[in-house]
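# Fold and contact review
For reference, the chains in residue letters:
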Amino acid sequence: MTKDTYPIEVSPHFVAYDFISDGRKGKILKGIRYTQTKFSNVWNLGFGDIDIHTGKINDVIVSDNGDSEKILATVARTCIEFSEHFPEAMILAIGSTSARTRLYQMGINRNFTEISELFLIWGLLDDSWEVFEKNKNYQALLVKRK
Amino acid sequence: MKTLEENSKSVNLGKMVLKTTINEDLKHPYLENKLQKANRLLKKVGLPKELVS
């Protein structure tokens, strides 16, 4: 990734990633968690703000910190890091809301050149997977390292 | 390993320092809910045909 990203902290088993968004509303702790689904090699991507008092990840809140591009590039970077350790993994991203799914999609759109060089990308449309195309509104996204 | 809460509290936002003991407890209720949602979706729609051998 050549885009500007935040420094990330990686857990020992490469399934949890934290970083700090630093924008117009201050510093916000963000968390990304990869959890294994019941389907072989399919991992779910969870992403949101970490409440520093409860530890809970809030994936609905819109922090509006003015740094979404850098945040999305950072999430993409964790996908690369994760897939280097789990090369057979398929990463599923379902937004908590359609707006959040669009945010993920925006992240792929904005970083498409870099991401498509490394990953195969599918989008879920009308409950059917298709090869990802920019500027379509998908229900969910799935990527796998080439 | 620290809990997510402990870990989160150990983050010094003022100094932009992240501790290296990120919690890997993936049994967090939030993640459980996300995982159930993912499992339901995958059960319903399966995987892209290119990935089904």
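Residues numbered from 1 in each chain as written. Chains lettered and ligands numbered in written order. Predicted model: local features only at pLDDT ≥ 70, side-chain atom pairs only at ≥ 80, totals over all residues. Heavy atoms only, no water.

### As for the packing of aromatic side chains
The relative placement of two aromatic rings is captured by the distance of their centres and the angle of their planes. Residue and element names in this part refer to chain A. Counting across every chain of the model gives 10 aromatic pairs over all chains. Aromatic pair F19 and F47: ring centres 6.5 Å apart, planes at 10°, arrangement stacked. Residue F19 is located in strand 2 (residues 16–23), and its partner F47 is located in strand 4 (residues 42–50); the two are separated by 28 residues in the primary sequence. The same class applies to F19 and to F47, which are both buried. Pairing Y34 with F82 gives two aromatic rings, centres 4.2 Å apart and planes at 10°, and the pair type is stacked. Of the two residues, Y34 sits in strand 3 (residues 26–36) while F82 sits in helix 1 (residues 68–85), which places them 48 residues apart along the sequence. Taken together, the ring pairs connect Y17, Y34, W43, F82 and F86 into an aromatic cluster. Its end group placed over the ring of Y6, K70 keeps NZ or CZ at 4.2 Å from the ring centre. Its guanidinium or amino end placed over the ring of F119, R145 lies 5.6 Å from that ring's centre, counting from NZ or CZ. (Phe/Tyr/Trp six-rings, centres within 6.5 Å; stacked < 30°, edge-to-face > 60°. Helix = DSSP H or I, 4+ residues; strand = E, 2+ residues; numbered from the N terminus. Buried < 20%, exposed > 50% of the residue type's maximum accessible area, 1.4 Å probe, protein only. Lys NZ or Arg CZ within 6 Å of the ring centre and 35° of its normal.)

### What to know about the layout of surface pockets
Residues and elements named next belong to chain A. A volume near 320 Å³ is recorded for the largest pocket. Around the largest pocket, the lining comprises 20 residues; the ones closest to its centre are V62, S63, D64, R100 and L103. Among the elements of the structure, strand 4, helix 1 and helix 2 (98–110) are those that each provide at least two residues to the lining of the largest pocket. Grouping the amino acids of the lining of the largest pocket by side-chain chemistry returns 8 nonpolar, 6 polar and 6 charged. (1 Å grid on protein atoms, 1.4 Å probe; cavity = no way out; pocket = protein on both sides within 12 Å on 5 of 7 lines; lining within 4 Å. Points joined across faces, edges and corners; volume = space filled by probe spheres on them. Nonpolar A, V, L, I, M, F, W, Y, C, P; charged D, E, K, R; others polar.)

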